[in-house]
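# Chain and residue survey
Spelled out, the chains give:
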Amino acid sequence: MRLSLQVRLVLGSLVVLTITGLLSGIWLEGRLRHTMQAQHEQELNRLNDVVVQYLVAAGGLEAGMEVDALVDAVGDSIQRRVTVIDSTGTVVGDSALDGERLQRMDNHANRPEIRAARLRPGDRGISRRYSGTIRVQMLYVAQTATDDPSAPVVRVSMPLETIEDAVAGLRAAVIMAGLLAAGLCILLTLVAARVYGSRLDRIAARMRANLSSRYPEPKGGIDGLVQSMDRIGQDIESLVDTLIQERDRFLAVLETMDAAVIALDRSRTITVVNSAARVLLDLGEDPTGKPLEEVIRVPDIVELTRSDLPQTVTQVEVNLSNAGGSRIVLLRAVQQRMSGGVVMVLHDITEIKHLEAIRRDFVANVSHELRTPVSVIRANAETLLDGALDDQAAARSFTTAIHRNSERLTMLLSDLLDLARMEAGETPLNPTTVMLHHSVERAFDMLGLAAEQRGVTLHNEIPSGLQVHTDPDTFDQVLLNLIGNGIKYGQSSGGRVWVRGFGESECIRIEIIDDGPGIEQRHRDRVFERFYRVDPGRSRDMGGTGLGLAIVKHLVDLMGGTVGIEPRDGGGTIFWLTLPAG
Ligand code: ADP
């Protein structure tokens, strides 16, 4: 049988109360007995002294004297029983008994207090026992009248009923107080159970309403309520666990995001910031808990978050300048409906913007590059159709122009196609060991005629054993381009182009050098861009498309190498590239 919580509370408090009452009752009783006995002993001691002095002074203790009358008188005046016992143990005077009854009294020589008094004359013998004579519990104090052990003994006694009466009174008081306390205790426990029970009931109902509808109405008063609270407690615990897991997951996602995220509360204090935001905005130490304006000094961002944002996403482009240079950032911000806080997500779109600009320039450049040869072909064809066909010399010159420009178109389209293929990842590489000296020799053979026409001599200074691990066709294409440029843009008539190679631990460095005018510093970083020409007129005259170095850069990247330019002491250009050793 399961007792209700109220009954258990009441029983529990009653048990505690009973134990406490019993223990304190026993202790109080002991204390009371002890104190009262000590008081009675003290009183009898004192009275005994007085009675002895009185009897001695009155001469009542001398032989042959009538003691009983004196003893009666003194017993009467001190309201205590006084007894005088001679050296034989015979009672010679007793304030409680007279005449014949006194004569019939037992010999008192063996009474404990008398024996004790005779053993230590002048000192007191004390005894607590039941008196057969007057049939009550008594306290006796006896003392010899003088220091002589055979002197009469004077004894004063009193009944101990007063102590028992006081103890009985105390017991009754303790029991009454206990009963009263038990009644109060039951009442208070029931009232408290009812008052707090209904309060808890209301709290539980509110919690149930807030949490979910799956908590049934509690049954069986406080017990049912406690069960309900238990369930709610368990659910809250698992809810908190879930929230902690969610938060950890959220923070992990936030930290691994490329986008910068900053969350602000209603007062625009930073509550969450991820590491991408710290890097992008150069925030240094953790800015969480600080006002946004104190941490981020970008007027556009501060202004945006200061105003009341709509609850749809607001999107702006912001320019940021910090130690890392100038960046373009796409900022998306949204106001949270409930909390009034703001969440900002920032994407660094500098690269995208740059690529967009390159693409725009590229389209414009391609159109521009195509327009010239196409218009030349068209104009020459029209002139031929308009009658120049009949003039043999003119017809030849126009047809030659058409041919030259169509070749230019072909080269342009071929370079564009190469670039497109490379960007689409359609340039398969089959790396193998490539003997550098042989490759350069092959390139020289192919470019020999062009070099001869420009009066340029070619020199292969690559050590014969040097080899790289790369795709031979791609490498040939790079060599042809760079050596070809050396021939085209280097010094003509007596100019030189030479190729050197060095083994550098893991990779090989190859240099294509000419002794031409060189490339100025301001152009050096840009010549690898598409359609970038140092001298556009000269490049076109040379049949250049402006795409050669862009293709070289792409190819070297594909081969896992690097390419660059250095000026040559004494004039000219050094194009260098590094490739993995073979
Ligand atoms: P192009 O098809 O015009 O040759 P490239 O991309 O190969 O285009 O070269 C880009 C520009 O770099 C050229 O127009 C030229 O002005 C310059 N250039 C390339 N190589 C050299 C060189 N060895 N010496 C001087 N200028 C050069």
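Residues numbered from 1 in each chain as written. Predicted model: local features only at pLDDT ≥ 70, side-chain atom pairs only at ≥ 80, totals over all residues. Heavy atoms only, no water.

## As for the overall build of the chain
When helices and strands are tallied, the chain shows 16 helices and 17 strands. Relative to the compact-globule value of 25 Å for 582 residues, the chain shows a C-alpha radius of gyration of 62 Å, a clear excess of over 25%. Its C-alpha atoms give the chain principal-axis dimensions of about 195 × 60 × 45 Å. Of all 582 residues assigned to the chain, the portion counted as buried reaches 38%. Excluding contacts between residues fewer than 6 apart, the proportion of contacts in the chain whose partners are at least 24 apart in sequence is 56%. When the 62 positive and 76 negative side-chain charges of the chain are each reduced to one mean point, those points stand 6 Å apart. (Helix = DSSP H or I, 4+ residues; strand = E, 2+ residues; numbered from the N terminus. Rg over C-alpha atoms; globule rule 2.2 N^0.38 Å. Buried < 20%, exposed > 50% of the residue type's maximum accessible area, 1.4 Å probe, protein only. Contact = heavy atoms within 4.5 Å. Lys, Arg positive; Asp, Glu negative; His and termini not counted. Charge placed at Lys NZ, Arg CZ, Asp CG, Glu CD.)

## Re the pairing of strand β2 (residues 91-94)
In this structure, strand β1 (residues 81-85) lies alongside β2, joined through three bridges in antiparallel fashion. Paired with I85 across the two strands is V91, which belongs to β2. Linking two consecutive strands that pair antiparallel, namely β1 and β2, is a turn of five residues; a positive phi of about 100° is found at G89 within it. (Pairing = 2+ DSSP bridges.)

## Looking at the domain arrangement of the chain
The assigned domain composition of the chain is domain 1 (5-166), domain 2 (211-256), domain 3 (258-342), domain 4 (353-423) and domain 5 (432-580). On a C-alpha basis, the centroid separation for the pair domain 1 and domain 4 is 147 Å. (Domains from an automatic or database assignment.)

## Remarks on a nonpolar patch on the surface
Together, L184, L187, L188, V191, V195 and Y196 line one region of the surface with nonpolar side chains, adding up to about 580 Å² of accessible area. Looking at where L188 falls in the secondary structure, it is placed in helix α5 (residues 161-211). (Patch = residues over 30% accessible without salt bridge, like charges linked within 9 Å, V, L, I, M, F, W, Y side chains within 5 Å. Areas by Shrake-Rupley, 256 points an atom, 1.4 Å probe, with all protein chains shown as cover. Salt bridge = Lys/Arg side-chain N within 4 Å of Asp/Glu carboxyl O.)

## Digging into the site of the ligand
Around the ligand, a shell composed of 19 residues is seen, among which Y489, S539, T545, G546 and L549 lie nearest. A distance of 2.7 Å separates an oxygen atom of the ligand from a polar atom in the backbone of G546. At a separation of 3.3 Å, an oxygen atom of the ligand approaches a polar backbone atom of G548. In the complex, 97% of the free accessible area of the ligand, which totals 530 Å², lies under the protein chains. In this structure the site holding the ligand corresponds to the largest pocket. Elements that contribute at least two residues to the shell around the ligand include exactly α13 (472-489), α16 (548-558) and β17 (573-580). Considering every element that reaches the shell around the ligand, the biggest residue donor is α13, with three residues. (Near = heavy atom within 4 Å. Polar contact = N/O pair within 3.5 Å; in protein donor to acceptor, adjacent residues only side chain to side chain. 1 Å grid on protein atoms, 1.4 Å probe; cavity = no way out; pocket = protein on both sides within 12 Å on 5 of 7 lines; lining within 4 Å. Sits in = over half its atoms within 2 Å of the grid points.)

## Quick look at the pattern of salt bridges
A side chain with one charge may pair with a side chain of the opposite charge, provided their charged atoms come close. Tallied over the entire structure, the rule returns 29 salt bridges. D557 serves as the salt-bridge partner of K553, at 3.5 Å between the closest nitrogen and oxygen. Of this pair, K553 and D557 are both found in helix α16, four residues apart, which corresponds to roughly one turn of the helix. Judged by relative accessible area, which is 32%, K553 ranks as partly exposed.

## Thoughts on the sheet that holds strand β14 (residues 495-504)
In a beta sheet, neighbouring strands pair by backbone hydrogen bonds and run either parallel or antiparallel. Spatially, five strands are ordered β12-β14-β15-β17-β16 in an open sheet, and the strand pairing comes out mixed. Across the chains shown, the open sheet's two edge strands, defined by having one partner strand only, are β12 (456-461) and β16 (562-567). Across the sheet, the axes of successive neighbouring strands diverge by a mean angle of 15°, strand direction being ignored. Sheet analysis places β16 next to β17, joined by six bridges and oriented antiparallel. Each residue of the ladder has a partner; that of T562, found in β17, is T578. Across the sheet, helix α12 (residues 436-454) is in contact with β12, β14 and β15 (507-514); its angle to β12 comes to roughly 175°. (Axes fitted to C-alpha atoms, helices over the stretch in contact; angles between N-to-C directions.)

## Here we look at the packing of aromatic side chains
Per the counting criterion, the structure on display carries two aromatic pairs. Between the aromatic rings of F362 and F531, the centroid separation amounts to 5.7 Å while the plane-to-plane angle is 35°, which identifies the pairing as tilted. Linking F362 in helix α10 (residues 350-385) with F531 in the loop between α14 (521-524) and α15 (536-541), this pair joins segments that are 169 residues apart in sequence. Ring geometry for F528 and F575: centres 6.4 Å apart, planes at 80°, overall edge-to-face. Residue F528 is found in the loop between α14 and α15, and its partner F575 is found in strand β17; the two are separated by 47 residues along the sequence. Just as F528 is buried, F575 falls in that class too. (Phe/Tyr/Trp six-rings, centres within 6.5 Å; stacked < 30°, edge-to-face > 60°.)

## A short note on α13
Look at α13: 25 Å from first C-alpha to last across 18 residues, which is about the 26 Å you get at 1.5 Å a residue. Residues of α13 that are buried include every one of T474, F475, D476, V478, L479, N481, L482, I483, G484, N485, G486 and I487, and no others. (Expected span 1.5 Å × (residues − 1).)

## A short note on empty space enclosed by the protein
Throughout the structure, instances matching the rule amount to one cavity of 30 Å³ or more. Reported here for the largest cavity is a volume of approximately 50 Å³. Sorting the residues of the lining of the largest cavity by element identifies α10 and α11 (392-423) as the ones contributing at least two each. Per-class residue counts for the lining of the largest cavity are two nonpolar, three polar and three charged. Both of domain 4 (353-423) and domain 5 (432-580) provide at least three residues apiece to the lining of the largest cavity. (Points joined across faces, edges and corners; volume = space filled by probe spheres on them. Nonpolar A, V, L, I, M, F, W, Y, C, P; charged D, E, K, R; others polar.)

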